[in-house]
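Report on the structure
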Amino acid sequence: EDPSLERHFKGHRDAVTSVDFSLNKKQLASGSMDSCLMIWSMKPQMRAYRFVGHKDAVMCVQFSPSGHLVASGSRDKTVRLWVPSVQGESTVFKAHTGTVRSVHFSSDGQSLVTASDDKTVKVWTVHRQKFLFSLSQHINWVRCARFSPDGRLIVSASDDKTVKLWDKTSRECIHSFCEHGGFVNHVDFHPSGTCIAAAGTDSTVKVWDVRMNRLLQHYQGNSVVNSLSFHPSGNYLVTASNDSTLKILDLLEGRLLYTLHGHQGPATCVAFSRTGDLFASGGSDEQVMVWKTNFDAADYSDALKTQKSCSSVDGSHLTGSEMDHGIHHKKTKTQDPGRNHEQQEEDARLVNTLEHIMGQLDVLTQTVSILEQRLTLTEDKLKECLENQQKIIQNKTN
């Protein structure tokens, strides 16, 4: 079944710049050039909330992973953190010296990464809105910045025509992808964390493997691509373009699946819900639209299960040629149906075992990083105690 338009929200008084679903899909947030943030209820007949506070256009919005906060960035150079309730209280901090183009929560909800026209990417703590550090190697406006799913990397896209990959711990730029022929409007991590996709004014979408830093896929459109979003299964990508269309790309097949016409004028932003059964889009026509994905449901609920148990959707799956090769390889073995069936069962068992091991490894990695953090804290405390002792001894001898 093809994707279909489910809901239509009208209320913004200027172009919509950004959309995001809450975790439970009960709410949808949108930002607009009208300086307002709107929270729409997905339940019919429920009222929408309009949050006023920014002094200029709202460029970006995102729900925190828990859904208890919404972050917004604005042309007024501030970031606001809102409680998406009737009162709509918010805390505000001056984040940059230029327009804030992008806000993104880390998957643990503890950190926030912001990107700005002041050419920097900044990282903040969410709870105290404390500034942590700045990444400043871009030489033009930074349009977008995202944390990797495991929170160890940050990717940023800029009008300097590069996509930069950063190590969060060392704060170093690990790699610059320079293949774009125009400004890079949007970038995001594949759910597995092994790849990134970037959209540009050169009408392309490019997918790179971040482990080998190689280009995996390249989609040439005929209009500026403003925004993109990965389906949670990692098998699809939706884009929003200046020609008013949304396009759904099949990453496994490496081809365009659907072109959707809904907006009058440029489609500015697009985002899948956390479960992938819905996606939302916004446009210069001031409208927010919610679409039912309607892909074969079994097709991606299985993929989602493996995705949850471990980061199994591997980057190498994305190269169409390798995928095809794998398929042909299997097809040549079908002379003996019984043998083939056993082989398939054996393969499935092997895949399950490997996925289980990968899952365990992920858990171990997480545990080790938590232990490392605790060790660092303990070391700091110990250092403090020793320094204090030194001071006491010195005072006594003096």
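Conventions we followed
- Residues numbered from 1 in each chain as written.
- Predicted model: local features only at pLDDT ≥ 70, side-chain atom pairs only at ≥ 80, totals over all residues.
- Heavy atoms only, no water.
- Helix = DSSP H or I, 4+ residues; strand = E, 2+ residues; numbered from the N terminus.
- Buried < 20%, exposed > 50% of the residue type's maximum accessible area, 1.4 Å probe, protein only.
- Contact = heavy atoms within 4.5 Å.
- Areas by Shrake-Rupley, 256 points an atom, 1.4 Å probe, with all protein chains shown as cover.
- Pairing = 2+ DSSP bridges.
- Phe/Tyr/Trp six-rings, centres within 6.5 Å; stacked < 30°, edge-to-face > 60°.
- Axes fitted to C-alpha atoms, helices over the stretch in contact; angles between N-to-C directions.
- Salt bridge = Lys/Arg side-chain N within 4 Å of Asp/Glu carboxyl O.
- UniProt positions renumbered as here; feature names shortened; annotations may be inferred.
- Patch = residues over 30% accessible without salt bridge, like charges linked within 9 Å, V, L, I, M, F, W, Y side chains within 5 Å.
- Lys, Arg positive; Asp, Glu negative; His and termini not counted.
- Charge placed at Lys NZ, Arg CZ, Asp CG, Glu CD.

**Considering the overall build of the protein**
When helices and strands are counted, the protein shows 3 helices and 28 strands. Taking all 398 residues of the protein together, 50% fall into the buried category. Counting only contacts in the protein whose residues sit at least 6 apart along the sequence, the fraction spanning at least 24 positions is 45%. Counting every atom, the protein has about 19,600 Å² of accessible surface; 53% of that belongs to carbon and sulfur.

**Some details on the pairing of strand β14 (residues 142–147)**
Most of β14 sits out of view: 5 of its 6 residues are buried. Across 5 bridges, β14 lies against strand β15 (residues 153–158) in antiparallel orientation. The partner of F147 across the bridge, within β15, is I154. Between the end of β14 and the start of β15, which pair antiparallel, lie 5 residues, with G151 showing a positive phi angle near 80°.

**Observations regarding the packing of aromatic side chains**
Within the structure shown, the criterion is met by 8 aromatic pairs. Centre to centre, the rings of F93 and W124 are 4.7 Å apart; their planes meet at 55°, and the pair counts as tilted. One end of the pair, F93, is in strand β9 (residues 90–94); the other, W124, is in strand β12 (residues 121–125), and 31 residues separate them in sequence. Relative accessible area serves as the criterion here: at 9%, F93 is assigned to the buried category. The class for W124 is buried, based on a relative accessible area of 6%. Taking the centre distance of 5.3 Å and the plane angle of 65° together, the rings of W124 and F131 count as edge-to-face. Under the relative-accessibility criterion, F131 is labelled partly exposed at 40%. A connected cluster of aromatic rings, assembled from ring pairs, spans Y49, F51 and W82.

**Some remarks on the sheet that holds β14**
Here we have 4 strands laid out as an open sheet, ordered β14-β15-β16-β17, and antiparallel in their pairing. Edge strands, defined here as strands with exactly one partner in the open sheet, are β14 and β17 (173–177). With strand direction ignored, the average angle separating the axes of adjacent strands in the sheet is 15°.

**Notes on the pattern of salt bridges**
For the coordinates displayed, the defined rule picks out 13 salt bridges. Of the charged contacts in the structure, one is a salt bridge between D56 and R75, with a shortest N-O distance of 3.6 Å. Taken together, the residues D56 in the loop between β5 (49–52) and β6 (58–63) and R75 in the loop between β7 (70–74) and β8 (78–82) connect sequence positions 19 residues apart. Here D56 falls in the partly exposed class, since its relative accessible area comes to 27%.

**Some thoughts on the UniProt feature "repeat: WD" (unreviewed entry) in the protein**
Using the residue numbers shown here, the UniProt feature "repeat: WD" (unreviewed entry) corresponds to residues 9–50, 51–82, 93–134, 135–176, 177–218, 225–259 and 260–292. Secondary structure content for residues 225–259 is 0% helix and 66% strand, while the C-alpha to C-alpha distance between its ends is 13 Å. Secondary structure content for residues 260–292 is 0% helix and 61% strand, and the end C-alpha separation is 12 Å.

**Brief notes about the environment of H68**
Tracing the backbone through its elements, the reader meets H68 in the loop between β6 and β7. Exposure remark for H68: the relative accessible area of 58% places this residue in the exposed category. When the C-alpha atoms of H68 and P84 are compared, they prove to be 6.9 Å apart, with 16 residues separating the residues in sequence. Residue contacts for H68: discarding those within four places in its chain leaves W82, V83 and P84.

**Structural notes on the sheet that holds strand β11 (residues 111–116)**
A sheet is described by the order of its strands in space; here 4 strands give the open sequence β10-β11-β12-β13, paired in antiparallel fashion. Strands with a single pairing partner mark the edges of an open sheet, and in this sheet they are β10 (100–105) and β13 (131–135). Averaged over all pairs of adjacent strands, the angle between their axes in this sheet comes to 20°, without regard to strand direction. Taken together, the 5 bridges between β10 and β11 define a ladder with antiparallel strand orientation. Each residue of the ladder has a partner; that of V103, found in β11, is T114.

**Side note on unusual backbone geometry**
For S35, which is not glycine, the phi dihedral falls at a positive 70°. Take S35: it is sitting in the loop between β3 (27–32) and β4 (36–41).

**Observations regarding a negative patch on the surface**
A cluster of like negative charges, contributed by E379, D380, E384 and E387, occupies part of the molecular surface. Mapped onto the elements, E384 comes out in helix α3 (residues 337–397). Given a relative accessible area of 45%, E384 falls into the partly exposed group.

**Comments concerning the side chain of T239**
Here T239 lies in strand β23 (residues 236–241). For T239, a relative accessible area of 4% translates into the label buried. Those residues in contact with T239 that lie beyond four places of it in its chain are V205, V225, S227, L228, T245, L246, K247, L249 and V270.

**Some words on the environment of L215**
With respect to the helices and strands, the residue L215 is situated in strand β21 (residues 214–220). Accessibility expressed as a relative area gives 36% for L215, which makes it partly exposed. Sequence-wise, L215 and F177 are 38 residues apart; in three dimensions their C-alpha atoms are separated by 9.0 Å. Excluding residues within four positions of it along the chain, L215 makes contact with K206, V207 and W208.

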